[in-house]
Amino acid sequence: MSEVEDIVRQIIKTSPPGDDTNIISDIKSLLGHADADKLISNVLREHYTTELNTDNMKSGDIKLVKLNNSNDYTIISKYNSSGLKFFDTKHGILFDYDFINSKIIDIENKLPSNIDSNSVSFIQNQLNDYINSHFTNLSTGLVIPDENNLGLTFIIIGEKLNDSNFYNGKWISIYKWNSNDNQLSSIVKVKVHYYEDGNVILNTFKTENLGIIDNADNIVQKISDYEKNLELNTLQNVNELNEEKFKNLRRLLPISRSKIQWGRAIGNYKLGQNVVGGRH
Amino acid sequence: MSDEAYDASLDVLRRLDPKSITKNLSNICRLQPELASDLLASIDTPLKTLHCSKSGKPFLCCDYNRDGDSYRSPFINKYINELNGSIIIDDEDAPKPSDHLRELELFANDSFDIYRDLYYEGGISSVYLWDKEEGNSSIDGKIGFDGVVLLKKTVDESSSWDSIHVFEIENLNSNFSIYRLTSTIILDLSNSKIDSTYLSGNLTRQTEKEIQFKDSASHVANIGSLIEDVETQMRNMLQEVYFGKTTDILTDIRSLDALSQRNEDRAKQENLIQKFENL
């Protein structure tokens, strides 16, 4: 692995949610050579075909991409990849992606031979309803039967993109259900980026075992309940960071309760001493 | 080419996850070594702390008190090697403030130490001043100076606040100066070092204010008062962005209530408004 490739990888892995176009063109300018496209494309492909991980530097990612000539979306990820291509059980297509020009290419109207999407159409409809009722238009989800029907994988992605107001955000979740022991497990990763007059990230990543779900038809309801709780917990966590960390860093008012008398007289304040109003 | 690469470096560093800013900055400097000194001077990263081996006290480091691998201690006005903590004896070529400005620098450090104590109840503050190209700072204040005020506080090893205020003083006439301030606050919040839920980032703000001065010491007082106001306003901005905006965006991406429910509620509300209007 070359040093340059490793640097590009670290840039990609720390890039914010939203359009990759800016980052790609910045990296091109930084590399400044003819092979840049190939290198960037390889790193992006590797990034979007790697599993999610709590460590941002190791984690892959999932990408929401628009279907050509349609208002509908599909997904690029490790979880719906087959060989060098990606597949979409909802639309019954197999396709490749041009990471530099951000578009779907080589579409075939078929699925990999070992994937039977008919068996999951009922659950796929449940998932569509759930996503439509909780996520914005920039969202989609797939239910993928494992080879030999040993289980199911669910992929959910929802975005909110608003570059004109300097923010973007992305929610991705993966659920795996094993039909041998009926165990359901989850991975959820949320990233919000706010960058007006600055650069702020809200990041959360959670992986959990959600226990046994006997009937596959009940999985989407479980996901719905779980995601609501997870979202409420995240809001609660953020609130705790405000109450327990932020407020202990810099006070809104000084201990003396009035603005500082700057100038030579500042020597009248004594360091570390209880002043009028008291420490509390 | 170099300009394009410089703009691209700034653009990318202002967007990548702020938690990895130090690593990404050093990576980009490796890709573009000839841009390194400009990038190090214009991208703010969390402040390093060094211990002054003579006074035993900690001080903050940034590009403005750096000379190679060494940083000037505000307590003893000597450079200290970052790697082994030794005091650099032969530092005649390294930048230092003029004699009068050094007195002001000590006064400014004492003043901001009080400020730090009253607002932060802990943490570290350091102030570094340098003379202008037009001449050494004068006691009557008619030749001003430039400088940087640094503040840092960490709680529970997981959350930290770094303030970096770079200022310039331009004298308008013998009574008034314009104070130009570029303030960056880097705020990193998480419940523990390994927790995957974190809020991390920075906000930057530029302020310009015309204020009356009497002498060189009054410049320090004016800067102090200005920074006190700006930090309080920026604290409010940080509160709004970190705890308001980001969570609003989160609940926009995934609505807690089903959207059909939300639309129903909105319809009911509109219906109600309609009824009131018809009264």
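Definitions and cut-offs
- The numbers attached to residues start from 1 for each chain and follow its sequence in the written order.
- Written order decides the labels, with chains lettered from A and ligands numbered from 1.
- Reporting of local features is limited, given that this is a predicted model, to residues whose pLDDT is at least 70; pairs of side-chain atoms are given and counted only at 80 or more, and all residues count toward the totals for whole chains, interfaces and linings.
- Strands here mean DSSP runs of E at least two residues long; helices mean DSSP runs of H or I at least four residues long; both are numbered from the N terminus.
- Buried residues are those with 20 or more other C-beta atoms within 10 Å of their own C-beta, exposed residues have 12 or fewer, and partly exposed residues lie in between; C-beta atoms are placed from the backbone.
- Throughout, a residue-residue contact means that the two C-beta atoms, derived from backbone geometry, are no farther apart than 7 Å.
- DSSP calls a pair of strands paired once it identifies at least 2 bridges connecting them.
- In this analysis, axes come from line fits to C-alpha atoms, helices being fitted only over the stretch in contact, and the angle between any two N-to-C directions falls in the range 0 to 180 degrees.
- The pLDDT value expresses, per residue, how confident the predictor is, ranging between 0 and 100.
- Throughout this description, the term nonpolar core refers to a group of buried Ala, Val, Leu, Ile, Met, Phe, Trp, Tyr and Cys residues whose C-beta atoms join them within 7 Å.
- Domain delimitation follows an automatic or database domain assignment.
- The arc in question is traced by the directions running from the helix axis to the C-beta atoms.
- Orientation labels follow simple angle bins: below 35 degrees gives roughly parallel, above 145 gives roughly antiparallel, 65 to 115 gives roughly perpendicular, and whatever is left gives oblique.
- Two helices that cross are described as forming a left-handed crossing if the nearer one is turned anticlockwise from the farther one by less than a right angle, and a right-handed crossing if clockwise.
- For this classification, Asp, Glu, Lys and Arg are treated as charged, while Ala, Val, Leu, Ile, Met, Phe, Trp, Tyr, Cys and Pro are nonpolar and the rest, including Gly, are polar.

A. Looking closely at the overall build of chain B. Helix and strand counts for chain B stand at 6 helices and 10 strands. With the principal axes as the frame, chain B shows a C-alpha extent of 80 × 45 × 45 Å. For chain B, buried positions account for 38% of its 279 residues. Contacts in chain B between residues at least 24 apart in sequence constitute 53% of all its contacts with a sequence separation of at least 6.

B. Highlighting the sheet that holds strand β4 (residues 85-88) of chain A. Residues and elements named next belong to chain A. Strand order in the open sheet formed by 4 strands is β3-β4-β5-β6, with antiparallel pairing between adjacent strands. The open sheet has two edge strands, β3 (81-82) and β6 (103-108), and neither has a second partner. Across 2 bridges, β3 lies against β4 in antiparallel orientation. Across the sheet, Ser81 pairs through a bridge with Phe86, a residue of β4.

C. Here's a closer look at the sheet that holds strand β9 (residues 167-178) of chain A. A sheet is described by the order of its strands in space; here 10 strands give the open sequence β7(A)-β8(A)-β9(A)-β10(A)-β11(A)-β10(B)-β9(B)-β8(B)-β7(B)-β6(B), paired in antiparallel fashion. The sheet is open, and its two edges are formed by β7 (139-145) of chain A together with β6 (124-131) of chain B, each paired on a single side. Each adjacent strand pair in this sheet contributes to an overall mean axis angle of 10°, direction not counted. Helix α5 (residues 219-245) of chain A contacts β8 (151-162), β9, β10 (183-194) and β11 (198-212) of chain A together with β7 (145-155), β8 (159-171), β9 (176-190) and β10 (198-212) of chain B of the sheet and is inclined by roughly 45° relative to β10 of chain A.

D. Up close: the confidence of the model for chain B. Residue and element names in this part refer to chain B. Per-residue confidence for chain B averages 93 on the pLDDT scale, and 98% of its residues sit at or above 70. Predicted confidence in chain B is weakest over helix α6 (residues 259-278), with a mean pLDDT of 76, and strongest over β6, with 98. Under the prediction, the complex receives an ipTM of 0.93, its pTM being 0.92.

E. Main features of the environment of Arg205 of chain B. Within the secondary structure, Arg205 of chain B sits in strand β10. A sequence separation of 21 residues divides Arg205 of chain B from Thr184 of chain B, and the C-alpha atoms of the two residues are 6.5 Å apart. With near-sequence residues (within four places) excluded, Arg205 of chain B lies in contact with Asp197 of chain A together with Ser183, Val230 and Met234 of chain B.

F. Main features of the nonpolar core. Membership of the largest hydrophobic core comes to 81 residues, with the highest contact counts inside it found for Ile27, Phe154 and Ile155 of chain A. The residues that make up this core include at least three from each of domain 1 (1-43) and domain 3 (97-279) of chain B. For Ile155 of chain A, the residues in contact, after removing those within four places along its chain, are Ile62, Ile75, Ser77, Tyr79, Asn80, Gly141, Leu142 and Ile174 of chain A. Cys62, Leu104, Tyr119 and Val166 of chain B belong to the second largest nonpolar core, which has 35 residues in total.

G. The arrangement of helix α2 (residues 21-31) of chain A in detail. Taken together, the buried positions of α2 of chain A are occupied by Ile23, Ile24, Asp26, Ile27, Leu30 and Leu31 of chain A. Seen from one end, α2 of chain A has its buried residues packed into an arc of 165°, which puts them on one side. Looking at the packing, one finds that the buried side of α2 of chain A touches α1 (3-13) and α3 (36-47) of chain A together with α1 (2-13) and α2 (21-31) of chain B. Just past α2 of chain A, the residue Gly32 of chain A takes up positive phi, approximately 60°.

H. Structural context of the packing of α1 of chain A against α3 of chain A. Residue and element names in this part refer to chain A. Interhelical geometry of α1 versus α3 gives an angle of 50° and a closest axis separation of 10 Å. By the angle class used here, α1 and α3 are oblique. Seen from above, α1 lies across α3 with right-handed handedness. Every residue of α3 that contacts α1 at Glu5, Val8, Arg9, Ile12 and Lys13 is listed here: Leu39, Ile40, Val43, Leu44 and His47.

I. Representation of the pairing of β9 of chain B within the structure. Residues and elements named next belong to chain B. Two strands pair when backbone bridges link them, and β8 and β9 are joined in this way by 12 bridges, in the antiparallel orientation. Bridging across to β9, Val166 finds its partner in Thr182. Following β8, the chain reverses through 4 residues before pairing antiparallel with β9. Direction of pairing for β9 relative to β10: antiparallel, over a ladder of 15 bridges. In the sheet register, Ser183 faces β10, and the bridge partner there is Arg205.

J. Inspection of the interface of chain B and chain A at higher detail. Each partner contributes to the interface: chain B provides 71 residues, whereas chain A provides 68 residues. Counting residues per element, the ones that place at least two in the side of chain B that touches chain A are α1, α2, α4 (99-120), β7, β8, β10, α5 (216-253) and α6 of chain B. No other element matches the 19 residues that α5 of chain B contributes to the side of chain B that touches chain A. Its residues assigned to classes, the side of chain B that touches chain A comprises 30 nonpolar, 22 polar and 19 charged. Strand direction decides the pairing type here: β11 of chain A and β10 of chain B, joined by 6 bridges, are antiparallel. Looking at the pairing, Ile201 of chain A lines up with Ser200 of chain B of β10 of chain B.

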